[in-house]
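Structure assessment
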Amino acid sequence: MQFKLKLLVAASATLFAGVSMAQDVLKIGHVGPVSGAQAHYGKDNENGARMAVEDLNAKGVTIGGKKYKLELVAEDDAADPKQGTAAAQKLCDAKVAGVVGHLNSGTTIPASTVYNQCGIPHVTPSATNPKLTQQGYKTTFRLLANDNALGAGLALHASNNLKLKKIAIIDDRTAYGQGVAEVFKKTAQQKGITIVDEQFTTDKATDFMAILTAIKAKAPDGIFYGGMDPQAGPMLRQMEQLGLANVKFFGGDGICTAKLAELSGGAKTLGNVVCAEGGASLEKMPGGKAWKDRYDKKYPNQFQVYSPYTYDAVHVLVDAMQRAKSIDPKVYTPLIGAANLQGVTTKIGFEADGELKNPAMTLYSYKDGKKVPLN
């Protein structure tokens, strides 16, 4: 009888310990395209978030006097808006404390409505369409410069530094591609550049010969592409085939990846690329070089663009929870806006609309197949 009682007590202790452990788990969501043509972006982003979770767990996380173990709940949106909203709802149902994501503006904008409705904050490391923060949601935050800075910066470079006069524009009809192309066009025209042609494609296309042939007839000095690298790479190859090897090729952060060199298949036109990222180059980030060395050891040959921002985004959420002494989104979300945090990417603080304060922007080109900063 006494032996049975001891067993019962031991079992009860194990049960209650399990409950206690479950209560001490802090779930952070991450969403990005880890399948499909943009999977290299999504995996890079997820790696950055996982690295942050591992670093925080190694140091130990205490919030309101209670110790927590962070757990990353990762979802795949395949860069598809419908799948993105489904993933957002899944994270709401899982009652994660906060979300890092999404990658694309086309997925982030509709997902932001879901997060706002369920009261969970999200920090995007990469969605740059200005409309995201113009919705007025107090749950939305962005960790880098938006398309107003990227598109305008590229147009000013085309005019002021390269002295171009005639540019054609192509976009992929996504929220990101259209948004950055529209800003580029507006600024370029203000600087006296003539937009000689406007063409459209999709974020699934691979054949651009008809579009580029039509553009070639207009004899532009440059082509601006609003879209992502799975299309920009083949486009550069086809430009070379059509004799457009001397035409400058502009794009936002969507094409500004290490993988673009691979996707362009060694085309000489890669050397004509000028692209922009919202943020400092790794060399100029406060913790960029040391962080990148650690990242490369954990995830060899997987770095693309945004993983330092997903790393910082996890820290932004946890920092606000610690200052609020609570993991309850209702309690800690208002404190995200009061962030004053030294991140890997920059000193992080937010404007009232959730935009990053004083965001940097860097222009890049490609030399010998490697992405190099111009400023």
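Rules behind the numbers
Residues numbered from 1 in each chain as written. Predicted model: local features only at pLDDT ≥ 70, side-chain atom pairs only at ≥ 80, totals over all residues. Heavy atoms only, no water. UniProt positions renumbered as here; feature names shortened; annotations may be inferred. Pairing = 2+ DSSP bridges. Helix = DSSP H or I, 4+ residues; strand = E, 2+ residues; numbered from the N terminus. Axes fitted to C-alpha atoms, helices over the stretch in contact; angles between N-to-C directions. Contact = heavy atoms within 4.5 Å. Disulfide = S-S within 2.5 Å. 1 Å grid on protein atoms, 1.4 Å probe; cavity = no way out; pocket = protein on both sides within 12 Å on 5 of 7 lines; lining within 4 Å. Points joined across faces, edges and corners; volume = space filled by probe spheres on them. Nonpolar A, V, L, I, M, F, W, Y, C, P; charged D, E, K, R; others polar. Buried < 20%, exposed > 50% of the residue type's maximum accessible area, 1.4 Å probe, protein only. Parallel < 35°, antiparallel > 145°, perpendicular 65-115°, else oblique. Left-handed = near helix turned anticlockwise from the far one by under 90°. Arc of directions from axis to C-beta. Polar contact = N/O pair within 3.5 Å; in protein donor to acceptor, adjacent residues only side chain to side chain.

The name given to the protein in an unreviewed UniProt entry is Branched-chain amino acid ABC transporter substrate-binding protein, and the organism recorded there is Pseudaquabacterium terrae. Within the UniProt record for the protein, the comment given under Sequence similarities (unreviewed entry) is "Belongs to the leucine-binding protein family."

Describing the sheet that holds strand S6 (residues 140-142)
Overall, mixed pairing links the six strands, which are arranged S2-S3-S1-S4-S5-S6 in an open sheet. Where the open sheet ends on each side, the last strands, each with one partner, are strand S2 (61-63) and S6. The average angle at which neighbouring strand axes cross in this sheet is 35 degrees, direction not considered. This element, helix H12 (residues 307-324), spans strand S1 (25-32), S2, strand S3 (66-76), strand S4 (98-100) and strand S5 (122-124) of the sheet and lies at about 160 degrees to S4.

Some remarks on the state of the cysteines
Summed over the entire model, instances satisfying the criterion amount to two disulfides. Disulfide partner of Cys92: Cys118, at an S-S distance of 2.0 Å. Handedness here is read from the sign of the S-S torsion; for Cys92 and Cys118, about -50 degrees, the answer is left-handed. Of the two residues, Cys92 is situated in helix H3 (residues 81-93) and Cys118 in helix H4 (residues 105-118); the sequence distance between them amounts to 26 residues. Looking at the protein, its bonded cysteines, counted consecutively from the start of the sequence, adopt the pairing 1-2, 3-4.

Quick word on the UniProt feature "domain: Leucine-binding protein" (unreviewed entry) in the protein
As annotated in UniProt, the feature "domain: Leucine-binding protein" (unreviewed entry) corresponds to residues 26-369 in the numbering used here. Along residues 26-369 one finds 42% helix and 19% strand; the C-alpha atoms at either end are 42 Å apart.

Some thoughts on empty space enclosed by the protein
Regions of empty space are outlined by a rolling probe, equal in size to a water molecule, passed over the atoms. This model, assessed by the stated rule, comprises one cavity of 30 Å³ or more. By volume, the largest cavity is sized at about 60 Å³. Every residue lining the largest cavity is listed: Leu103, Asn104, Ser105, Ser126, Ala127, Thr128, Tyr176, Met228, Asp253 and Tyr306. Residues of the lining of the largest cavity, tallied by class, amount to five nonpolar, four polar and one charged.

What about the layout of surface pockets?
Of the pockets and cavities examined, the largest pocket occupies roughly 690 Å³. Mapped onto the lining of the largest pocket, the elements with two or more residues apiece are helix H10 (259-263), helix H11 (288-298) and strand S15 (370-373). Of all the elements, H11 adds the most residues to the lining of the largest pocket, at four residues. Grouping the amino acids of the lining of the largest pocket by side-chain chemistry returns nine nonpolar, five polar and 10 charged. Of the volumes computed, that of the second largest pocket is approximately 180 Å³. In terms of lining residues, the second largest pocket is bounded by Ile109, Asn129, Pro130, Lys131, Asn148, Ala175, Gln178, Gly179, Glu182 and Val183. Looking at the lining of the second largest pocket, its residues break down into four nonpolar, four polar and two charged.

Description of unusual backbone geometry
Cis rather than trans, the peptide bond between Gly101 and His102 has omega equal to 0 degrees. Position of His102 relative to the elements: it lies in the loop between S4 and H4. The backbone of Ala79 sits at a positive phi, close to 60 degrees, despite the residue not being glycine. Using a relative accessible area of 14% as the deciding quantity, one classes Ala79 as buried. Phi is positive for Ala219, close to 50 degrees, though the residue is something other than glycine. Following the sequence through the fold, Ala219 ends up in the loop between helix H8 (209-216) and strand S9 (222-226). The partly exposed category is assigned to Ala219, whose relative accessible area is 44%.

Considering the packing of helix H2 (residues 39-59) against H12
Where H2 meets H12, the closest approach of the two axes is 7 Å, and the angle between their N-to-C directions is 40 degrees. Our classification of the angle between H2 and H12 gives oblique. Relative to H12, the crossing made by H2 is right-handed. Contacts between H2 and H12 involve Asp44, Asn45, Gly48, Ala49, Met51, Ala52, Val53, Asp55 and Leu56 on the former and, on the latter, Ser307, Thr310, Tyr311, Val314, His315 and Val318. Among the residues making up the contact of H2 with H12, the classes are represented as eight nonpolar, five polar and two charged.

As for helix H13 (residues 329-336)
Where H13 is concerned, the buried positions are Pro329, Tyr332, Thr333 and Ile336. Along the axis of H13, the buried residues cluster in a sector spanning 115 degrees; they form a single face. Those residues of H13 that are exposed and angled more than 90 degrees off the buried face are Lys330 and Pro334. In this structure Asp328 caps H13, since a side-chain oxygen of it lies 3.0 Å from the backbone nitrogen of Lys330.

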